[in-house]
Amino acid sequence: MKILLAGGAGYIGSHTAVALLDAGYDVVVVDNYCNSSPEAVKRVEELTGKNVVVYAADVKDKAAMQQIFAENKIDCVIHFAGLKAVGESVQKPIAYYRNNIDTTLTLLEVMAESGCHNIVFSSSATVYGEKNAAPYMETMERGTCSNPYGWTKSMMEQILQDATVADKDLSVVLLRYFNPIGAHESGMIGEDPQGIPNNLMPYIAQVAVGRRDKLTIFGNDYPTPDGTCRRDYIHVMDLADGHVKAVDFAVKNKGTEIFNLGTGTPYSVLDIVNAFEKSNNIKVNYEFGPRRAGDLPEFWANSDKAHEILGWVAKHDLEDMCRDTWNWQSKNPQGYKK
Ligand code: NAD
Ligand code: UFG
């Protein structure tokens, strides 16, 4: 089976490519490298000993997408291609709506023209909004998002669901990721954010490797056990495995199905810093700063549905996540840059 990874050179896409190739699937990647490097796909090939067909193209470019579908018989698409920086989305909402929504519409149109009926979509816990109480369940209504990035995910979920109502052949799997961290255990691929990292774990890793002075912990006065925010961190290889199982599910079913992918265990920011220090025997300088706008005190997943229907369960613990992050960062201090 041939799987098209839209945005497949990125952090989650490259790890999913490894999992799919290891499971015997053929992989085609399309990426415009707006937040990634072609080197990531080369490393995927090196790691797996398998070839990946790669297209440097914008997923919004319909003619380019038509050519990719004409040259490859695609059985299922996984749509990772999105802009994802929450703060930037507040500054550049139109760019976020344009890129994220347009990529989704273009994929759906070209899939329909080409007779491809299956799509797995990178959604986010952010669609649960501010009012739902953790643990989040798929049966909860989507909520009010606190930023344009979150709204793009919510809107794209709606677009994909509407498409399955109209097209009875279409199969959509919405994967709501919680907080992916970690790296492939080889240390050959990992998260390589451009500029100053927005997310906690890459920031910690860059402090540990000496690229940044110290971590600022955004707020220590939240109503949580230690005052810092709690999240459901999930190893990126567990997430990748969830995609393999979602593809299997998508090709055998019709309509829309939603799955949370998280571990169900919340950890605070301080838990993560302490676990990183302990697992890797390295000091991480930090200070407390003000709260970051839009952060919720805590949320985590109920992933029973993914367990029951997909047979998926997270296998890696926090120590694995911290060790594998550091293995990648210490072997690649500047990321994919030589
Ligand atoms: P990433 O930025 O590393 O990967 C996204 C990839 O898509 C990049 O390689 C980028 O170059 C590419 N891309 C973006 N727009 C494109 C376009 N128009 N045409 C072609 N390529 C394009 O991000 P990631 O962490 O791997 O996230 C993958 C998906 O998962 C995103 O949709 C993101 O919103 C979603 N998600 C991520 C997280 C997280 O914490 N990492 C959490 C929830 C959901
Ligand atoms: N944090 C810090 N200092 C930093 C960075 C983060 O203290 O330098 C804190 C945040 O305040 C938060 C926690 O670490 O309490 C996690 O923050 P991240 O930015 O790593 O993750 P978020 O939970 O804010 O958001 C992530 C993704 C979103 C996604 C969401 C839910 O970035 O795309 O998970 O899936 F929507």
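For the structure itself, consult the block above.
Summarised in this report is the structure supplied together with it. (Residues numbered from 1 in each chain as written. Chains lettered and ligands numbered in written order. Predicted model: local features only at pLDDT ≥ 70, side-chain atom pairs only at ≥ 80, totals over all residues. Heavy atoms only, no water.)

### Observations concerning the overall build of the chain
Argument step 1. Within the chain, the regular secondary structure consists of 11 helices and 13 strands.
Argument step 2. Considered along the principal axes of its C-alpha atoms, the chain spans approximately 55 × 45 × 40 Å.
Argument step 3. Out of the 338 residues belonging to the chain, those deemed buried represent 55%.
Argument step 4. Considering only contacts in the chain between residues 6 or more positions apart, those separated by 24 or more positions represent 79%.
Argument step 5. For the chain, the accessible surface area stands at approximately 14,200 Å², while carbon and sulfur atoms represent 50% of it.
Argument step 6. Positive and negative charge centroids in the chain, built from 33 and 43 side chains respectively, lie 3 Å apart. (Helix = DSSP H or I, 4+ residues; strand = E, 2+ residues; numbered from the N terminus. Buried < 20%, exposed > 50% of the residue type's maximum accessible area, 1.4 Å probe, protein only. Contact = heavy atoms within 4.5 Å. Areas by Shrake-Rupley, 256 points an atom, 1.4 Å probe, with all protein chains shown as cover. Lys, Arg positive; Asp, Glu negative; His and termini not counted. Charge placed at Lys NZ, Arg CZ, Asp CG, Glu CD.)

### Describing the pattern of salt bridges
Argument step 1. Tallied over the full model, the rule gives 20 salt bridges.
Argument step 2. Members of the salt-bridge network, linked through shared partners, are Lys62, Glu109 and Glu113. (Salt bridge = Lys/Arg side-chain N within 4 Å of Asp/Glu carboxyl O.)

### Some words on the site of ligand 1
Argument step 1. Ile12, Asp31, Asn35, Ser36 and Tyr149 are the nearest of the 29 residues found near ligand 1.
Argument step 2. In this structure, an oxygen atom belonging to ligand 1 sits 3.2 Å away from a main-chain N or O atom of Gly10.
Argument step 3. Contributing elements (two or more residues each) for the shell around ligand 1: helix H1 (11-22), helix H5 (93-114), strand S5 (118-124) and helix H6 (148-166).
Argument step 4. Here the element with the most residues in the shell around ligand 1 is S5; it accounts for three residues.
Argument step 5. For the shell around ligand 1, the per-class residue count stands at 13 nonpolar, 11 polar and five charged. (Near = heavy atom within 4 Å. Polar contact = N/O pair within 3.5 Å; in protein donor to acceptor, adjacent residues only side chain to side chain. Nonpolar A, V, L, I, M, F, W, Y, C, P; charged D, E, K, R; others polar.)

### Some thoughts on the environment of Leu21
Argument step 1. Position of Leu21 relative to the elements: it lies in helix H1.
Argument step 2. Apart from the residues within four sequence positions on either side, Leu21 is in contact with Val27, Val44, Thr48, Lys50, Asn51 and Val52.

### Notes on the site of ligand 2
Argument step 1. Near ligand 2 there are 22 residues, and of these Ser124, Asn199, Thr216, Arg231 and Asp295 occur at the shortest range.
Argument step 2. Leu200 has a polar backbone atom sitting 2.9 Å from an oxygen atom of ligand 2.
Argument step 3. Thr216 has a polar backbone atom sitting 2.8 Å from a nitrogen atom of ligand 2.
Argument step 4. Out of a free accessible area of 680 Å², ligand 2 has 91% covered by protein chains.
Argument step 5. Of all elements in the fold, only helix H7 (200-208) and strand S8 (215-218) reach the threshold of two or more residues within the shell around ligand 2.

### Some points on the nonpolar core
Argument step 1. The biggest cluster of nonpolar side chains holds 43 residues, and the ones touching the most others in it are Leu5 and Val120.
Argument step 2. No other element matches the nine residues that helix H8 (residues 236-252) contributes to this core.
Argument step 3. Excluding its chain neighbours within four sequence positions, the residues that come into contact with Leu5 are Gly13, Ala17, Leu20, Val27, Val28, Val29, Val30, Ile78 and Phe80.
Argument step 4. In terms of nonpolar packing, the next biggest core, distinct from the first, is built from 29 residues, Ala6, Ala64, Ala81 and Leu174 among them. (Core = buried A, V, L, I, M, F, W, Y, C linked by side-chain atoms within 4.5 Å.)

### Some words on unusual backbone geometry
Argument step 1. Cis geometry marks the peptide bond from Ala134 to Pro135; its omega dihedral reads 0°.
Argument step 2. Mapped onto the fold, Pro135 is located in the loop between S5 and H6.
Argument step 3. Phi at Tyr33 takes a positive value of approximately 60°, unusual for a residue other than glycine.
Argument step 4. Relative to the assigned elements, Tyr33 resides in the loop between strand S2 (26-31) and helix H2 (38-48).
Argument step 5. Although it is not a glycine, Asn281 adopts a positive phi angle of roughly 50°.
Argument step 6. You can see Asn281 is positioned in the loop between helix H9 (269-280) and strand S13 (286-289).

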